[in-house]
Every structure is written in structure tokens, then in C-alpha cells.
Amino acid sequence: MPRIRSFWIREGFVLSGAQNGNGSAENSASGSQSHRGASGGKDGKGRAGSSNGGNGGNGGAAKPPPLGRRKTATALSPSLAANAHAIRMQFHHSGDLRLRLLSSGALPGIQLAALYLQGIVDEEAIRKNVLEPLQAAEAAAPGSLKGKGRLKDRIEQLRLNVISTGLTEPVRTLEGALDALLLGCCLLLVEGSDEAVAAEAAGGETRQVGEPTAQTVIRGPQHAFTESARTNIGLIRRIIRSERLTVESRRIGRETCTEVSLLYMNGIVDAEIVKEARRRLDDIDIDSVLDSGYIEEFIQDSSFTPFPTVLNTERPDQAAAGLLEGHFAVVVDGSPYVLLGPVTFFRFFQSPEDHYQRFDIASFLRLIRIAAFFISMHLPALYIAITTFHQEMLPSNLLIGLSAQREGVPFPALVEAFLMELTFEVLREAGVRMPRAIGPAISIVGALVLGTAAVQAGLVSAAMVIIVAFTAISNFVVPQINIAIAAGLIRFLLMVSAGILGFVGIISVDLFVIIHLAGLYSFGVPYLKPVAPYVKGEWKDTFVRAPRWSLVRRPVIAQKGGRRRQPGGKPKRQNS
Amino acid sequence: MSRGIIRRWALLLAAALLFLPLAGCWDRKELNELGIIAATGIDVTEEGKWKISYQLVIPSAISSQNGFTSTTESPVNVFSTEGESVRGAVSRATQEMSRSLYFGHNQVVVIGERAARKGIGGLLDVYLRNGNSRETVMVFVTEGEARPILEQLLPMERISGNALTRLIALEKESGGNFRPQTVYSMLLQLLGPLHASAAPGIAISGSGEGVRSVDANKSTSTPSKVRLQKLALFRDDHMIGWIRTHESRGLLWLRSEVSGTTISFPCREGGPKVNSARITGLKTKMKPARSGDGWLLQADVEADATLFEYTCGGNLHDPAAVAGIERMLGQQVRSDIEDGLQASQRLKADVAGIGEAVRRKYPRTWKGIAAEWNSRFYPEMKAEIGVHVGLIKTGRSNRSYEQASEDSRERK
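These numbers come from a predicted model, not from an experiment.

Q: How should the overall build of chain A be read in this particular structure?
A: A tally of regular secondary structure across chain A gives 18 helices and 14 strands. Of all 576 residues assigned to chain A, the portion counted as buried reaches 41%. When contacts within chain A are restricted to residue pairs at least 6 apart in sequence, long-range pairs at least 24 apart make up 67% of them.

Q: Quick question: what am I supposed to make of the overall build of chain B here?
A: What chain B contains, in helices and strands, is 14 helices and 13 strands. Expected size for 412 residues packed as a compact globule is a radius of gyration near 22 Å; at 27 Å, chain B overshoots this value by more than 25%. Seen through its principal axes, chain B has C-alpha atoms that stretch 105 × 65 × 60 Å. Taken across its 412 residues, chain B has 38% of its residues classed as buried.

Q: What is the right way to read the nonpolar core from this model?
A: Counting 103 residues, the largest nonpolar core has Val 57, Val 110, Ile 111, Phe 140, Ala 232, Leu 233 and Leu 329 of chain B as its most contacted members. Beyond its immediate chain neighbours, meaning those up to four positions away, Leu 329 of chain B contacts Ile 263, Phe 265, Ala 277, Ala 305 and Val 389 of chain B.

Q: I'm lost on the domain arrangement of chain B in this one. Help?
A: Many authors give the size of an interface as the accessible area that is lost as the parts come together. All names here are of chain B. You can read the domains of chain B as domain 1 (27-243) and domain 2 (255-412). Taking only C-alpha atoms into account, the centre of domain 1 sits 33 Å from that of domain 2. The leading source of residues in the side of domain 1 that touches domain 2 is helix H7 (residues 160-175), at four residues. Taken together, the residues that form the side of domain 1 that touches domain 2 break down as seven nonpolar, six polar and four charged.

Q: How should the packing of helix H11 (residues 359-388) of chain A against helix H13 (residues 413-433) of chain A be read in this particular structure?
A: Two measures define how a pair of helices packs: the angle their axes make with one another and the distance between the axes. All names here are of chain A. Between H11 and H13, whose axes approach to 9 Å, the crossing angle comes to 160°. Judged by the angle between their axes, H11 and H13 are roughly antiparallel. Considering how the two elements wind past one another, H11 and H13 form a crossing that is right-handed. Taking contact as the criterion, the partners of Pro 380, Tyr 383, Ile 384, Thr 387 and Thr 388 in H11 are, on H13, Ala 413, Leu 414, Ala 417 and Glu 421.

Q: How do you make sense of the interface of chain A and chain B when you look at a structure like this?
A: Contact with chain A, which involves 21 residues of that partner, is made by 22 residues of chain B. Listed by contribution, the elements that provide at least two residues to the side of chain A that touches chain B are H11, helix H12 (396-406) and helix H17 (481-501) of chain A. Here the element with the most residues in the side of chain A that touches chain B is H12 of chain A; it accounts for nine residues.

Q: Teacher, can you tell me more about the pairing of strand E9 (residues 258-265) of chain A here?
A: Working note: regular strand, side chains alternate between the two faces of the sheet. Residues and elements named next belong to chain A. Counting buried positions along E9 yields eight of eight residues, so the element is predominantly enclosed. Burial along E9 is two-sided: the residues Thr 258, Val 260, Leu 262 and Tyr 264 and Glu 259, Ser 261, Leu 263 and Met 265 are all buried. By the bridge criterion, eight bridges tie strand E8 (residues 245-252) to E9 in an arrangement that is antiparallel. The residue of E9 that forms the bridge with Arg 250 is Val 260. The hairpin turn running from E8 into E9, its antiparallel successor, is five residues long, and Gly 253 in that turn takes a positive phi close to 115°. By the bridge criterion, four bridges tie E9 to strand E11 (residues 328-332) in an arrangement that is antiparallel. Each residue of the ladder has a partner; that of Ser 261, found in E11, is Val 331.

Q: Looking at this structure, I do not really get the environment of Val 552 of chain A. What am I missing?
A: Residue and element names in this part refer to chain A. Looking at the element boundaries, Val 552 is found in the segment after strand E14 (525-526). Under the C-beta neighbour-count criterion, Val 552 is labelled partly exposed, with 16 such atoms within 10 Å. Each C-alpha atom of the pair Val 552 and Arg 563 lies 8.3 Å from the other, and the pair is 11 residues apart in sequence.

Q: Can you walk me through the domain arrangement of chain A in this structure?
A: For chain A, the domain assignment lists domain 1 (74-200), domain 2 (229-355) and domain 3 (362-526). Each of domain 1 of chain A and domain 3 of chain A has a C-alpha centre, and these two points are 63 Å apart.

Q: Got a minute to help me understand the confidence of the model for chain B in this structure?
A: Confidence in the prediction of chain B, expressed as mean pLDDT, is 86, and 94% of residues score 70 or more. Two summary scores accompany this predicted model of the complex, namely pTM at 0.81 and ipTM at 0.81.

Q: Can you walk me through the environment of Gly 446 of chain A in this structure?
A: Structurally, Gly 446 of chain A is set in helix H14 (residues 439-449). As for Gly 446 of chain A and Thr 423 of chain A, which are separated by 23 residues in sequence, their C-alpha atoms are 8.8 Å apart.

Q: Explain H7 of chain B here, please?
A: Note: α-helices contain 3.6 residues per turn, so residues at a spacing of three or four share the same orientation. Every buried residue of H7 of chain B is listed here: Ser 160, Gly 161, Asn 162, Ala 163, Leu 164, Leu 167 and Ile 168 of chain B. Positioned one or two residues after H7 of chain B, Gly 176 of chain B has a phi angle of 80°, which is positive.

Q: Looking at this model, I keep getting lost on helix H5 (residues 121-129) of chain B. Mind explaining?
A: Residues and elements named next belong to chain B. Restricting attention to buried positions, one finds in H5 the residues Leu 123, Leu 124 and Tyr 127. The buried side chains of H5 occupy one side of the element, clustering within an arc of 95° when seen end-on. In this structure, H5 carries Gly 121 and Arg 129 as exposed residues pointing more than 90 degrees from its buried face. Packing partners of the buried residues in H5 comprise strand E1 (34-44), helix H3 (86-91) and helix H8 (183-190).

Q: Looking at this structure, I do not really get the sheet that holds E11 of chain A. What am I missing?
A: Through backbone hydrogen bonds, the strands of a sheet pair up, either in parallel or in antiparallel fashion. Residue and element names in this part refer to chain A. With antiparallel pairing, five strands are arranged side by side in an open sheet as E8-E9-E11-E12-E10. Lying at the two open borders of the sheet, with one neighbouring strand each, are E8 and strand E10 (311-313). Strand-to-strand twist of the sheet, defined as the mean angle between neighbouring strand axes without regard to direction, takes the value 25°. In this sheet, strand E12 (residues 338-341) lies alongside E10 in antiparallel orientation, the contact comprising three bridges. For Leu 311, the partnering residue across the bridge sits in E12 and is Leu 340. Of the strands in this sheet, E8, E9, E10, E11 and E12 are in contact with helix H10 (residues 316-324), which crosses E9 at around 50°.

Q: Could you clarify how one ought to interpret the sheet that holds strand E6 (residues 185-190) of chain A in this entry?
A: Residue and element names in this part refer to chain A. Spatially, the five strands line up as an open sheet ordered E3-E4-E6-E7-E5, and their pairing is antiparallel. The open sheet has two free edges, formed respectively by strand E3 (97-103) and strand E5 (168-171), since each of these has just one partner strand. On average, each strand axis in the sheet is inclined to that of its neighbour by 25°, with strand direction left out of account. Here strand E4 (residues 111-117) pairs with E6 via four bridges, running antiparallel. Residue Leu 115 lies in a different strand from E6, and its bridge partner there is Leu 187. In the packing of helix H6 (residues 174-182) onto the sheet, contacts are made with E4, E5, E6 and strand E7 (196-200), and the angle to E6 comes to roughly 145°.

Q: Where do I start with the confidence of the model for chain A in this structure?
A: The predicted structure's coordinates, where accompanied by low pLDDT, should not be read in detail. Confidence in the prediction for chain A averages 82 pLDDT; 86% of positions are at 70 or higher. Below pLDDT 50 for its whole length, residues 1-67 of chain A participates in 104 contacts with residues either more than four positions away or in separate chains.

Q: Got a minute to help me understand unusual backbone geometry in this structure?
A: What you tend to see is this: most non-glycine residues have negative phi, and most peptide bonds are trans. Residues and elements named next belong to chain A. Put simply, Lys 529 and Pro 530 share a cis peptide bond, and its omega is 5°. Looking at the secondary structure, you find Pro 530 in the segment after E14. Residues Ala 532 and Pro 533 are joined by a peptide bond in cis, for which omega reads 5°. As for its placement among the helices and strands, Pro 533 is situated in the segment after E14. The residue His 92 is not glycine, and still its phi comes out positive at about 50°. Of note, His 92 is situated in the loop between helix H2 (80-90) and E3. The residue Cys 257 is not glycine, and still its phi comes out positive at about 50°. Position of Cys 257 relative to the elements: it lies in the loop between E8 and E9.

Q: Can you help me understand the packing of H13 of chain A against H14 of chain A in this one?
A: Residue and element names in this part refer to chain A. In the contact formed by H13 and H14, the axes pass within 11 Å of each other and the chain directions differ by 175°. Here H14 runs roughly antiparallel to H13, going by the angle between their axes. Across the interface between the two elements, Thr 423, Leu 427, Ala 430 and Gly 431 from H13 touch Ile 442, Gly 446 and Val 449 from H14. For the contact of H13 with H14, the per-class residue count stands at four nonpolar, three polar and no charged.

Conventions we followed
Residues numbered from 1 in each chain as written. Chains lettered and ligands numbered in written order. Predicted model: local features only at pLDDT ≥ 70, side-chain atom pairs only at ≥ 80, totals over all residues. Helix = DSSP H or I, 4+ residues; strand = E, 2+ residues; numbered from the N terminus. Buried ≥ 20, exposed ≤ 12 C-beta atoms within 10 Å, placed from the backbone. Contact = placed C-beta atoms within 7 Å. Rg over C-alpha atoms; globule rule 2.2 N^0.38 Å. Core = buried A, V, L, I, M, F, W, Y, C linked by C-beta atoms within 7 Å. Domains from an automatic or database assignment. Nonpolar A, V, L, I, M, F, W, Y, C, P; charged D, E, K, R; others polar. Axes fitted to C-alpha atoms, helices over the stretch in contact; angles between N-to-C directions. Parallel < 35°, antiparallel > 145°, perpendicular 65-115°, else oblique. Left-handed = near helix turned anticlockwise from the far one by under 90°. Pairing = 2+ DSSP bridges. pLDDT = per-residue confidence, 0-100. Arc of directions from axis to C-beta.

Here it is in C-alpha cells:
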């Protein structure tokens with residue numbers, strides 16, 4: 001009988017195997033890799049929580065190995081009552097810790113107890129796979145079970161032959177028992193044995209796979225990630241049915257113990273980038289991970305920049321496309337947003353739809369998006385600069401028109417623009433935060449504040465309303481909301497400098513931004529690639545998108561030698 | 001982020017912030033602090049002071065903010081200031097204007113005759129020296145005072161200053177009698193080798209009072225209009241005289257600056273000019289030559305013509321008839337050119353730039369005669385004008401109506 005691989009990797013608390021649907025050889029390789037990385041990191045830093053992380057082979061170790069986040073390792077006692085009491089004490093008699101006493105025909109006269117945490121386990125599965133087989137074991141059990149072997153061996157037999165959940169594991173320490181319970185296992189305590197059995201039974205309510213809400217497309221798949229990492233990885237694998245798709249899982253978060261998986265395409269992704277991503281993930285020491293945003297802040301290259309260096313997506317197809325282009329993905333349990341890296345600036349203007357629409361339409365739309373981004377950044381600043389410094393630039397009739405509108409407006413153009421931009425930002429934030437039921441109220445009020453009423457009240461000029469409205473609309477053309485908000489931050493900077501220095505101010509802020517962008521990296525990839533540094537082949541899919549058949553090579557971030565997608569060449573036609 | 005990096009950023013930020021007081025928003029001007037000037041008038045008073053008139057745009061009277069334009073409020077307001085110098089007069093405007101005068105959109109400067117004759121050197125200096133007044137403004141000269149021109153309202157136009165630029169641009173495109181003259185090109189000519197320039201004249205034509213009130217636009221005809229007429233010639237920095245409209249056209253032909261014009265011509269020499277044609281694609285080659293002591297101008301004019309109106313006999317299928325028309329057109333063009341040349345020779349101002357051609361061809365000789373070109377050599381210059389007009393289109397009919405009617409009678 002093949003030995004069932006351990007699902008505890010002590011350092012990382014990885015319930016590996018459960019999520020790794022991959023070939024087992026590769027899987028174990030990656031598992032041990034991550035293990036090595038983790039212990040390396042610990043040796044270097046000597047973090048408090050995991051200072052005594054030792055080698056974690058579990059099968060034949062006589063002494064129970066200490067666990068990563070636990071400072072102690074207490075052996076279980078042979079007494080069931082003592083063990084159950086200890087566990088209950090550790091949970092401070094929490095109400096959701098369930099204990100069920102039972103007996104099995106396979107171990108006649110020996111008291112058994114099943115423990116689990118209600119809500120994170122599938123109780124139906126426990127009943128069917130653990131409780132019922134144990135209770136029915138007498139009749140069905142093979143003769144060997146009736147033998148007089150040592151209790152330990154008999155429990156091992158039970159674990160292997162009777163309990164029919166996906167994964168089972170012997171547990172020898174109190175801390176191990178706690179972890180097993182917290183990860184959604186059913187813990188089976190046996191009277192007289194200092195070894196418990198953990199049977200994997202994770203479950204509980206999860207949301208159904210739905211449609212994307214933030215990153216919508218007209219044409220293309222309409223699946224969105226959910227909060228379950230297991231579902232999310234499945235969604236990606238259902239798109240990429242290749243054994244090259246590799247999933248490395250680990251647990252991050254001292255309290256939340258959240259599963260974080262690193263996904264990449266073996267042979268496509270640059271090994272150096274994966275190594276770096278793995279190192280950054282392993283370095284994270286944080287008490288909780290509630291969303292992929294927590295992870296993003298730890299693995300991004302530069303914190304003090306408005307520009308994101310990690311892309312997030314709620315679309316499995318976009319994640320899959322990223323993986324196929326040589327990016328890696330980070331799936332965080334509990335977050336419907338998957339991280340993609342490394343990303344460059346121009347990547348943020350690409351919508352997955354660019355690749356689903358015909359190339360000419362996609363190219364046009366992409367150019368519109370880039371233009372809209374710069375409009376949303378510059379328009380109010382340009383208006384301020386032109387109307388307060390460079391009136392010569394306006395056609396005479398427009399100047400007179402604008403000047404007539406400004407008659408009676410009490411504030412300078414800069415203040416006026418600030419007022420309206422802030423109003424809009426408040427409205428937008430209100431639109432996100434407000435309870436759904438009062439949505440219509442916001443839109444009515446918004447139309448009043450940002451509309452003709454404000455003009456008629458003499459607060460702002462009509463032109464300013466148009467400028468702010470167009471800026472706002474342009475802002476939402478960019479498919480990634482985080483870079484759109486970055487543009488908003490820079491917009492205020494530009495407005496101030498335009499109000500002080502006119503065009504000179506706008507140009508100086510722009511220069512600062514360009515210099516800043518040129519200095520940014522994402523996992524070692526220059527942020528402005530392929531423009532600076534110039535990469536010839538990548539222009540086919542940066543500002544415009546060339547026809548699919550001509551996109552023969554993957555972007556340069558992919559591994560050398562793994563960049564050819566397909567043989568290429570224009571499809572042949574019979575009748576042409 | 002280490003402390004060193006924070007320090008470095010803080011230093012950089014502090015340095016950047018130092019720029020702000022340096023800049024100090026000193027030329028920031030909100031739109032409603034501006035008094036937009038659409039046209040300027042330059043006059044000289046009896047006492048010899050400069051009198052500058054401004055056509056101030058009143059935006060709220062022009063802008064159609066509520067969907068209709070106000071017709072009760074005057075779209076412009078004209079006022080004047082006086083001073084010993086041009087800018088001195090302008091600076092007095094602050095004493096009676098609540099807004100700072102903004103010349104960035106001033107497109108027209110009208111110079112009164114007296115001011116033009118006194119000399120516009122000071123005015124040109126103002127345009128050269130100051131950034132806020134543009135050298136691209138168009139120059140007009142008017143007999144009498146400049147101020148009434150600014151006060152005159154044009155039908156259909158809200159801002160008469162802007163309308164004047166459209167008027168002269170259209171005249172260049174279609175009329176061919178005048179071309180726009182900017183302060184910049186005038187400077188080029190006056191500071192060039194010839195020291196002579198010209199500016200179109202503008203006048204109020206028609207009987208009765210000038211149209212100064214918006215109420216006048218309520219009737220279907222206006223008693224008076226602004227009209228381009230005559231050309232003012234300048235030598236050095238002052239005006240020396242007027243030449244007539246068709247003479248102006250002749251000079252423009254010599255300079256190949258007519259993009260299209262319509263001329264009338266007779267059926268036979270000396271007859272009434274009952275036919276008309278449009279001249280396009282005009283090209284002149286000027287070849288100056290020495291003749292004895294003086295100079296001779298040989299000019300070859302090539303032009304295309306389209307027949308607009310034809311009342312003479314003959315069938316235009318016949319090449320000979322076409323050649324006759326071409327000859328007649330050529331004569332008209334030649335006489336315009338000769339009239340223009342004579343008029344400018346009389347005033348001793350080489351505004352057609354013939355001296356420029358001499359200078360290019362005989363650079364050494366030019367050095368000797370340059371000083372006396374306008375005063376001695378140019379007025380005595382002879383001219384041989386060769387004109388060839390090619391009739392390229394006769395329109396959709398070959399015969400004139402008279403001819404056709406005669407032919408139909410014969411056929412009966």
C-alpha cells in the first residue's frame with residue numbers, strides 16, 4: 001500500500017495535497033521547496049513565533065515535532081477524558097466545539113470521541129465518512145482488525161481502512177490537535193492512546209461562483225472568483241488544463257492561518273521571478289490575512305507610490321491569461337481578488353476583452369483607455385492653467401464664453417476645481433459605501449451637487465461642471481480601479497501646481513511622475529517596459545493589439561526559451 | 001524605509017516647495033478679472049497727445065448662456081485714454097477701468113490718419129517690447145479718427161473687432177484688393193531694405209450717423225457700414241499718402257499676393273466693361289534691369305481666368321474668340337498694375353518690393369543706391385509689364401445670350 005503523504009508541513013501549516021490537484025511528483029518537489037525557503041527565512045530572522053521550527057517529517061518521528069506558530073509541543077495523554085478536557089480548555093469551552101462520544105466495533109470496549117468545530121466542517125461528510133464507518137466497522141471489518149495487535153497499530157488500521165475522508169493524519173500533540181480542528185478536521189480521540197486521528201472534513205457555507213462585478217466585459221467568460229481558494233484555483237485549472245500549472249500553498253497569518261497559494265506555469269514563468277515571489281511570501285509574518293490586499297502590501301516592490309505594482313483581478317480568465325504570459329498568481333483564501341505579478345504600467349490599460357474582441361476594435365478601445373487615463377489626470381489642471389495663465393490659447397469666442405460664465409463666480413478657478421473634484425470624490429465614495437436601499441437618493445443629490453443647480457446657485461461655472469464630469473467619466477474607463485485612483489491623486493497635485501505655475505507646473509509634475517515611473521520595478525521588471533526600456537516585439541500588445549495569429553511570442557517577462565506560444569503565421573485560406 | 005531615504009525625500013520636497021514662493025502666482029489672472037480688448041484705436045489729439053481707444057468686450061452680453069443672446073445690452077464698450085506716450089496712455093486705463101486690460105485677444109489696431117502721419121514708431125516699439133500684446137494684430141488706417149470705427153457695430157457680428165479680421169481675410173481670399181497687414185509684417189517691411197510698407201484703409205461709408213447702438217440692428221438696413229477702401233502707404237515710420245483701391249490691387253498682383261479676384265472687361269477696347277471674369281492662380285516674375293542711368297522693371301504676369309459673365313457676340317468654341325477675351329483681360333490687369341506702380345512711384349514708396357528684387361540681382365550696386373532708392377531711383381523707374389491671362393474655363397455655355405438668341409432667329 002502506498003504511503004499517504006503527510007498533509008502537515010510543520011512550518012507553514014499547509015494543508016497541502018488537499019488543494020494540490022497536480023501530479024504528485026512535482027507537487028512534493030514544490031512542497032519541499034517551499035519548506036526549505038521557509039526554514040531558511042526563519043534561520044535568518046529568528047522570528048519569535050517560529051523560532052524553533054525544526055525538521056518536519058511526521059511519519060516516523062518518535063518525538064512529536066514542534067509546530068511553527070506554537071512555542072510549545074505538549075504530547076497528548078493516553079486518557080481520552082484528559083485530552084478532551086485539555087482541548088476544551090484551550091478553546092475556553094467555545095460553543096462551536098462539538099464532541100461526540102462513540103464506540104466502534106473494531107475497537108470493542110474502547111471509548112472514542114469525535115471532535116470538530118461546527119461551521120467550518122461538513123457535518124454530513126463527517127457522519128458519512130467517519131462516524132458511520134466506525135460504528136459499522138465490526139460487521140464489515142476484515143479479520144485483521146480483530147487481532148490483538150497493539151492499540152496504535154489498530155488505530156492506524158482504522159485510519160487507513162475505515163475512515164474514508166480524503167485525507168487522514170495521526171496527531172500526537174495537543175497543539176497539532178488544535179491546528180487540525182482549526183483547519184476543519186474531525187479529530188478522533190481514542191481512549192488509551194496518546195495518538196489521535198485527524199480526518200480532513202473542511203466544509204461550511206461558501207458563495208456560488210457568480211458574475212464579475214468590478215471588472216466586467218461584454219464579450220468573454222462571465223465567471224468571477226469567490227472567497228474560497230479551493231474554488232478559485234479550480235476555476236483557473238479548468239481554463240488551463242496543463243500539468244505545467246503549479247500550485248504552491250502555504251499558510252500565512254499567526255491568528256488567521258490563511259491559505260495562500262502561489263500559482264505559475266512551469267516552463268513559462270521566469271524561475272527567478274518565482275523564486276523572488278516565493279521568498280517574499282515566505283517572509284511575511286503577520287497576524288491576519290483578511291484579503292489579498294494584505295498580501296499585496298507585503299509583496300509589492302514599492303509602498304510609497306500611487307502606482308500599483310501588483311495587479312488584482314476577479315476574473316479567472318484574466319488570471320489564466322496572466323499565467324500563460326509568464327506572470328505568477330497569488331490566490332488568497334477568503335478573497336475573491338487574485339493577485340498577478342509582475343506587472344508593468346501599460347498592463348493596467350489592458351482589459352481581458354481586448355483579446356476577445358477583434359483586434360482593430362480592441363486596439364481602438366485600448367488607445368481610448370490610455371487617452372482617457374491621461375485626460376482624467378490632466379483635464380482640470382489644464383483648465384486651470386489655461387484660464388488663469390494662458391488665456392491666449394483659447395479661441396476668442398471661447399474665451400468670451402468662459403469669461404461670461406465666470407462673471408459672478410466667487411472663487412478662483414483653482415478653488416472652484418478643488419471644490420468640484422472633492423465633491424465628486426465624496427459622491428463616489430458615498431456611492432460605494434452607502435446601503436443599497438438608499439442608492440437612488442445619492443444619485444438625485446449627486447445630480448444636484450454636480451449639476452446645473454450648482455451653476456445656478458452661482459457657486460461654480462458651467463464649464464467647470466463639464467470639466468469635472470468628463471474627468472470623472474474618463475477616470476472609470478481605466479479597467480483597473482486602483483490605477484484610476486492613483487491618477488486621481490496625481491490629478492490634485494497637478495491642479496495645485498497648475499494653479500501656481502500654469503503649464504510650467506503641469507510639466508514639472510509630469511516630469512516628476514515620469515521619473516518616478518521609470519524608477520519603479522515590479523519583481524525586477526522595469527515598470528515602463530516595453531517603452532522604457534524599449535522592447536521591440538512587445539509593441540504588438542501594448543498600445544494596440546495585433547491579430548491573434550501574429551502574437552507568436554509571449555512577453556519578455558516569460559522564461560527564456562519558453563516564449564513561443566504557437567508556430568505562428570497567418571491562417572491559410574482555401575479560397576484566396 | 002530608512003531614515004536616510006526619508007531625509008533625502010524631505011530635502012527634495014523642501015527644495016520643490018521653495019519654487020512656490022519663487023513663482024508666487026504673480027501672473028495668475030482669473031477670467032473675470034480680465035477686460036478683454038477686441039480692438040484698439042490709435043489717435044493723436046489736437047495737443048499732440050496719444051489717445052488710445054479700446055473696444056472692450058462685455059462677455060455677459062455676448063455669451064448665450066441661457067440659450068439666447070441678449071440684444072438689449074451692447075456687446076462692446078468703447079473708451080479712450082490719453083497720454084504723452086502710447087503705454088503711458090494705456091496705463092491711465094486703470095484710473096477708469098475696474099479690470100486689467102487684456103490685449104492677448106486684441107486682433108485689430110486701427111490707426112487714425114493724423115496718428116499715422118505723425119509716426120507709428122512708438123506704437124511699433126510697444127508691440128515689439130511687450131509680451132502681452134501680440135505682433136499678429138492686424139493694422140488698419142482710417143481717414144479721420146480711429147475711435148468711431150471701434151464704436152461702429154456691424155450687422156450679424158457681436159464683436160466688431162473680430163469681425164474686421166474676418167472682413168480682411170475674406171477680402172484677401174475672394175476680393176483680391178487688399179491683404180491683411182499685421183504689425184509683424186509691417187515691421188519686417190519697414191525695417192527691411194526698402195523702409196516702405198502699406199496698410200489697408202478702413203472707413204465708415206454710407207449716410208447718416210454711425211451705428212453705435214444695438215437698437216440700430218432692429219431695422220433691416222443700417223445707415224452706415226464699415227468698409228475697406230484705399231491703401232495707406234508708409235515710409236520709414238509714418239504715413240505718406242493714400243492710393244486707390246484698384247491701384248492697391250495692381251500692386252498686390254505685382255507681388256503675386258492675389259489668390260482670386262473678379263475683374264470686368266469690355267468687348268472691345270474702349271467699350272463699356274460689361275463682361276467679368278475671375279482671375280486665379282496669378283504668378284508674377286519680376287526682373288529688374290539697368291537702363292542707362294535709371295532702372296527698368298520687366299514683369300511677366302501669368303494668370304488663369306474663369307469666365308463669369310459674357311455678353312459679346314461670337315462663339316467661344318472658336319479659339320480666336322477665346323484669345324480675344326484673354327487679350328482684353330490682360331489689358332485690364334496691365335492697366336491696374338501700371339496704375340498701382342505709378343501711384344506708388346508718385347508717393348515715393350516702393351511697397352511692391354521691386355527694390356528687393358534689385359537687391360537680390362545686383363547686391364553690389366544696391367549698396368550704392370539703397371539710400372536713394374525710394375526718393376530717386378524708384379520714382380523714375382520704367383516698367384514693361386507683360387501679362388498673359390489664360391482662359392481656362394468658359395463656364396457651362398459657349399455663346400452669350402444675345403448670340404444664342406440671334407442664332408435661333410436665323411434658324412427659323
